[in-house]
Amino acid sequence: MLIEHRGQRPVVPASAYVAPSAVLCGAVTLGERARVLHGAVLTAEDGEVWTGADVVVMENALVRGRLRHPAIIGNAVLIGPHAHVNGARVEDEVFVATGASAFPGSLVGAGSELRINSVLHANSVLPPGTVVPIGWIAAGTPQARLFSPDQHDELWKVQRELDFPGTVYGVPRGTSMRDIMARQAHYFGAHLDDRLVEDGQTETDGHGPSTG
């Protein structure tokens, strides 16, 4: 399903495949031979989503572009089932396994692996060739440290400086859920004006990711 959002339509080259039950919403541009499988969602909220060539986004994965943090996927990348790439940049030849997450402002270096249910925290930088083990968390900049799930106190010392609420919700830490969700309801209310794109109306020639 292709959806126009905020006046922007997906760009799908003729060599790409989008499953009938997948969703491309807004300013989403696929690379050559990209494959978006059943149930996957690529949504450009108020930012952009770009994929390189030979990218496979598997079943029920979510790739989300944001205003200050577009989702940019390099060449030869696998986004596994139920993975969550939210406002992150993923360089070439990266493996994002089932259930793994990369949060806004993060960078996954070339040739890295986010293994099953692992997390790359907001504003964190994973160096090229790094493997994040199953269920572990990578956090920190200019170079992320790896934390096992039982290292909560050590992780928090790094995590609290990464400004997750400011990056994701635009609010200071400690803002009430009522205030956060009022903002989120307004933010996602932009979808009230979405329109389905009919067959034959999709753009087929795109350019590289915007750097503005």
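Residues numbered from 1 in each chain as written. Predicted model: local features only at pLDDT ≥ 70, side-chain atom pairs only at ≥ 80, totals over all residues. Heavy atoms only, no water.

Asker: For this particular structure, what's the right way to read the nonpolar core?
Answerer: Taken as a class, soluble globular proteins show a tendency for nonpolar side chains to be buried jointly. Ranked by size, the top nonpolar core spans 39 residues in total, and within it Leu30, Leu42, Ile79 and Leu114 carry the most contacts. When sequence neighbours within four positions are dropped, the list of residues in contact with Leu30 reads Val11, Val12, Pro13, Ala16, Val18, Leu24, Val36, Leu42 and Thr51. Counting nine residues, the second-largest nonpolar core is a separate cluster that includes Phe103, Val119, Ile137 and Ala139. (Core = buried A, V, L, I, M, F, W, Y, C linked by side-chain atoms within 4.5 Å. Buried < 20%, exposed > 50% of the residue type's maximum accessible area, 1.4 Å probe, protein only. Contact = heavy atoms within 4.5 Å.)

Asker: What's the story with the pattern of salt bridges in this structure? I'm lost.
Answerer: Side chains bearing opposite charge may pair, as long as their charged atoms lie close to each other. Overall, the coordinates contain six salt bridges when judged by the stated rule. The closest approach of N and O atoms between Arg9 and Glu4, which form a salt bridge, is 2.8 Å. For Arg9, a relative accessible area of 26% puts it in the partly exposed group. Residue Glu4 is classed as buried on the basis of its relative accessible area, which comes to 14%. One salt bridge connects Arg160 with Glu161, and the closest N-O pair in it is separated by 3.7 Å. Three or more residues are tied together by salt bridges with common partners; here these are Glu4, Arg9 and Arg195. (Salt bridge = Lys/Arg side-chain N within 4 Å of Asp/Glu carboxyl O.)

Asker: What is the right way to read the packing of aromatic side chains from this model?
Answerer: Working definition: an aromatic ring pair is given by the centre-to-centre distance plus the angle between the planes. Counting across every chain of the model gives three aromatic pairs. Ring plane angle 75 degrees and centroid distance 5.6 Å describe the contact between Phe103 and Phe164, whose orientation is recorded as edge-to-face. Residue Phe103 is located in the loop between strand 15 (101-102) and strand 16 (107-108), and its partner Phe164 is located in helix 2 (residues 164-169); the two are separated by 61 residues in the primary sequence. According to the relative accessible area criterion, Phe103 is buried, its value standing at 17%. Judged by its relative accessible area of 23%, Phe164 falls in the partly exposed class. Taken together, a centroid distance of 4.8 Å and an interplanar angle of 75 degrees make the contact between Tyr187 and Phe188 edge-to-face. Here Tyr187 falls in the buried class, since its relative accessible area comes to 15%. Three or more aromatic residues joined by ring pairs form one cluster here, namely Phe103, Phe164 and Tyr169. (Phe/Tyr/Trp six-rings, centres within 6.5 Å; stacked < 30°, edge-to-face > 60°. Helix = DSSP H or I, 4+ residues; strand = E, 2+ residues; numbered from the N terminus.)

Asker: Even after reading the chapter, I still don't get the side chain of Thr29, so can you show me in this structure?
Answerer: Relative to the helices and strands, Thr29 is located in strand 4 (residues 28-29). Its relative accessible area of 10% is what places Thr29 among the buried residues. Not counting chain neighbours up to four residues away, the residues in contact with Thr29 comprise Val11, Val49, Trp50 and Thr51.

Asker: Sorry if this is basic, but what is going on with the side chain of Thr43 here?
Answerer: If you trace the backbone, Thr43 turns up in strand 6 (residues 41-44). Judged by relative accessible area, which is 5%, Thr43 ranks as buried. For Thr43, the contacting residues outside a window of four places in its chain are Cys25, Val28, Val49, Leu62, Val63, Arg64, Gly65 and His191.

Asker: For this particular structure, what's the right way to read the environment of Val77?
Answerer: Tracing the sequence through the fold places Val77 in the loop between strand 10 (71-73) and strand 11 (78-79). Residues Val77 and Val56, 21 residues apart in the sequence, show an inter-C-alpha distance of 6.6 Å. Excluding residues within four positions of it along the chain, Val77 makes contact with Asp54, Val55, Val56, Val90, Glu91, Asp92, Glu93 and Val94.

Purely spatial values, then, with no claim about function.
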